[in-house]
Amino acid sequence: MRFDLSVLVPHLGFLASGAMLTAAVCGLALVGSVVLGMAVAIARTSSGGWARRAAYAYVDLFRNVPFIVQLFFFYYGLPEIGIYIDAFTTGVIALSIAGGAYASDAIRAGILAIDNGILEAAEVSGLSKRVTFTRIVLPIALRTSVRPLGSVLINMILTSSILSTITLNELTGQAKIVASDTFRPFEVYFVLLVVYAALTYLVSIGIALLHRRLNRDLMGQVS
Amino acid sequence: MLNVENVRKTFGAVTVLDGVNLTVKPGEVVSVLGSSGSGKSTLIRCINGLERLDGGRITVDGFDVSRPKELAEARKRSGTVFQLFNLYPHMTALRNITLAPIEVLKRPKAEAEAEGRALLASVGLEDRADAYPAQLSGGQRQRVGICRALAMKPSYLLLDEVTSALDPEMTAEVLNILAKLAGNGTTMVFVTHEIEFARQISDRIVFLEKGVLLVDLPTRDFFAQDGGLAQPRVAQFLSKMRKD
Ligand SMILES: Nc1ncnc2c1ncn2[C@@H]1O[C@H](COP(=O)(O)OP(=O)(O)OP(=O)(O)O)[C@@H](O)[C@H]1O
Ligand SMILES: [Mg+2]
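Values in this document were obtained by computation on a predicted structure and should not be read as measured data. (Residues numbered from 1 in each chain as written. Chains lettered and ligands numbered in written order. Predicted model: local features only at pLDDT ≥ 70, side-chain atom pairs only at ≥ 80, totals over all residues. Heavy atoms only, no water.)

Colleague: What is the right way to look at the overall build of chain B in this model?
Modeller: In terms of helices and strands, chain B carries nine helices and ten strands. In terms of overall size, chain B behaves like a compact globule, its C-alpha atoms giving a radius of gyration of 18 Å where 244 residues would be expected to give roughly 18 Å. By principal-axis analysis of the C-alpha atoms, chain B measures approximately 55 × 40 × 30 Å. Taken across its 244 residues, chain B has 58% of its residues classed as buried. Long-range pairs, those at least 24 residues apart, make up 63% of the contacts in chain B with a sequence separation of at least 6. Carbon and sulfur atoms make up 50% of the accessible area of chain B, which amounts to about 10,400 Å² in all. Each charge sign in chain B was given a centre, from 31 positive and 29 negative side chains, and these centres are 4 Å apart. (Helix = DSSP H or I, 4+ residues; strand = E, 2+ residues; numbered from the N terminus. Rg over C-alpha atoms; globule rule 2.2 N^0.38 Å. Buried < 20%, exposed > 50% of the residue type's maximum accessible area, 1.4 Å probe, protein only. Contact = heavy atoms within 4.5 Å. Areas by Shrake-Rupley, 256 points an atom, 1.4 Å probe, with all protein chains shown as cover. Lys, Arg positive; Asp, Glu negative; His and termini not counted. Charge placed at Lys NZ, Arg CZ, Asp CG, Glu CD.)

Right under this line is the structure:
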């Protein structure tokens with residue numbers, strides 16, 4: 001058998017539509033998991049009560065269950081009790097929930113790393129807890145957690161390939177179809193390898209740039 | 001008036017402040033001396049409400065720092081400058097200064113910024129308003145720290161070893177500003193190891209030893225043979241400081 005990528009040319013548009021779907025799902029799930037991660041991180045660093053326990057339970061649960069099991073539960077399990085969600089929405093929700101558990105770790109670490117002296121300065125100047133949190137704690141935590149959040153996103157892109165198992169034809173799903181249509185799995189999956197690698201590489205470059213931008217004051221330090 | 005009455009503070013089994021009394025009147029500069037671990041920082045942290053008292057009472061212009069309802073008013077009347085600056089790293093110098101006036105005193109943004117710029121100019125940093133803390137030298141950061149405290153127009157400025165993280169040149173920058181403030185009638189509680197400087201600017205000097213306020217005297221008396229120096233611990237402390 002000859003390695004011939006040209007057989008894929010007629011299918012490029014089809015594959016590209018899968019890639020777009022992957023990007024859309026991951027983009028939405030990124031927003032979902034950062035928002036969720038932020039809420040959970042707040043609960044986990046709060047001084048106690050049921051919110052803190054619930055947050056810990058959530059993180060422990062979703063980090064310790066395979067993603068495919070979570071996904072099947074949402075997509076094939078929930079309809080049994082009358083809850084029907086379409087594949088796209090299920091994908092976004094499942095990735096957000098799974099990603100949120102990891103994002104909360106990154107954001108929580110960012111919150112805990114904040115120098116206590118900074119918080120004391122805010123406290124003695126009379127800033128309320130709420131203002132201290134929104135204006136000082138969260139911005140500092142987010143800018144230190146840009147890189148770990150980037151890893152969460154990259155992981156999410158990789159994990160999103162599993163969504164093909166619930167009939168969502170994102171990049172991997174489309175590739176499977178092309179492979180079976182053309183009987184050229186070697187070429188198809190070779191391209192898939194390259195595309196995923198390129199996608200995550202681009203994302204990591206974007207994250208590095210964002211990190212630099214958010215931490216631009218730390219570049220070219222005087223002391 | 002800033003009133004510290006019979007204040008006790010313990011950490012576990014250790015008594016860090018043991019019946020401390022101190023009164024600071026408007027316009028006074030009171031320096032707090034004492035060896036390491038004598039409780040100077042703890043005293044400042046009790047006054048600004050960062051530590052809970054285990055006994056006694058502290059009032060700032062009548063507002064009791066131990067009463068949750070009065071703490072906010074007490075805090076509005078004191079401003080703290082920290083040894084390690086504690087600037088907000090993600091905000092520019094100007095924003096560091098204007099945040100609390102806008103959020104706590106509800107000052108209009110434009111006014112707060114104009115005042116912030118004027119404060120920066122008064123410490124020679126008019127061209128650094130948009131710099132982030134990491135882009136400033138230690139001395140510049142501490143000058144911003146002083147502006148941040150002054151922006152709240154506090155009746156009492158609390159300073160805890162504000163130059164001890166700085167090299168001599170930067171220390172001089174900051175001390176010059178403090179001397180100017182003292183000359184303007186700013187009321188200060190000044191924890192320091194800069195004995196000579198304390199002597200120049202202070203109206204009174206108090207000496208803490210193992211949590212006990214051993215001496216509280218007008219500056220001239222503190223350094224007199226029959227005054228503070230008559231206390232062996234003070235004499236010992238001063239001669240040791242002079243050697244270093
Ligand atoms: N949070 C704390 N927990 C336990 N012990 C503490 C705490 N803060 C201070 N101490 C202890 O209280 C004593 C007084 O500390 P403090 O920081 O007030 O001294 P200081 O006079 O400011 O010393 P220095 O000149 O070194 O700054 C020290 O023995 C210190 O170890
Ligand atoms: Mg100290």
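That shown, we press on.
Colleague: How should I be thinking about the site of ligand 1 in this particular structure?
Modeller: Residue and element names in this part refer to chain B. In the vicinity of ligand 1, the contacting residues are Phe11, Val16, Ser35, Ser36, Gly37, Ser38, Gly39, Lys40, Ser41, Thr42, Glu161 and His193. One of the side-chain N or O atoms of Ser41 is found 2.7 Å from an oxygen atom in ligand 1. In the environment of ligand 1, an oxygen atom lies 3.1 Å from a nitrogen or oxygen atom belonging to the side chain of Glu161. The protein chains hide 57% of the 640 Å² of surface that ligand 1 would expose on its own. Looking at which element gives the most residues to the shell around ligand 1, the answer is helix α1 (residues 40–47), with three residues. Of the residues belonging to the shell around ligand 1, the class tally is two nonpolar, eight polar and two charged. (Near = heavy atom within 4 Å. Polar contact = N/O pair within 3.5 Å; in protein donor to acceptor, adjacent residues only side chain to side chain. Nonpolar A, V, L, I, M, F, W, Y, C, P; charged D, E, K, R; others polar.)

Colleague: Explain the interface of chain A and chain B to me, please; I cannot follow it from the model alone.
Modeller: Size of an interface, as often reported, equals the accessible area lost when the parts are brought together. Counting residues at the interface gives 23 residues for chain A and 26 residues for chain B. For the pair chain A and chain B, the summed buried area comes to about 2,100 Å², and 60% of that belongs to carbon and sulfur atoms. Considering only the side of chain A, the residues that lose the most area to chain B are A:Val124, A:Arg135 and A:Asp217, jointly responsible for 27% of the buried surface there. The tally of links between chain A and chain B comes to three salt bridges. Here A:Glu120 ties to B:Arg45 by a salt bridge, and the two come within 2.8 Å at their closest N and O atoms. The interface formed by chain A and chain B holds five residue pairs in polar contact (both at pLDDT 80 or more) in total. Looking at the side of chain A that touches chain B, the elements that each hand over two or more residues are α5 (116–124) and α6 (129–144) of chain A. When grouped by side-chain class, the residues that make up the side of chain A that touches chain B number eleven nonpolar, five polar and seven charged. (Buried area = accessible area lost by both parts, 1.4 Å probe. Salt bridge = Lys/Arg side-chain N within 4 Å of Asp/Glu carboxyl O.)

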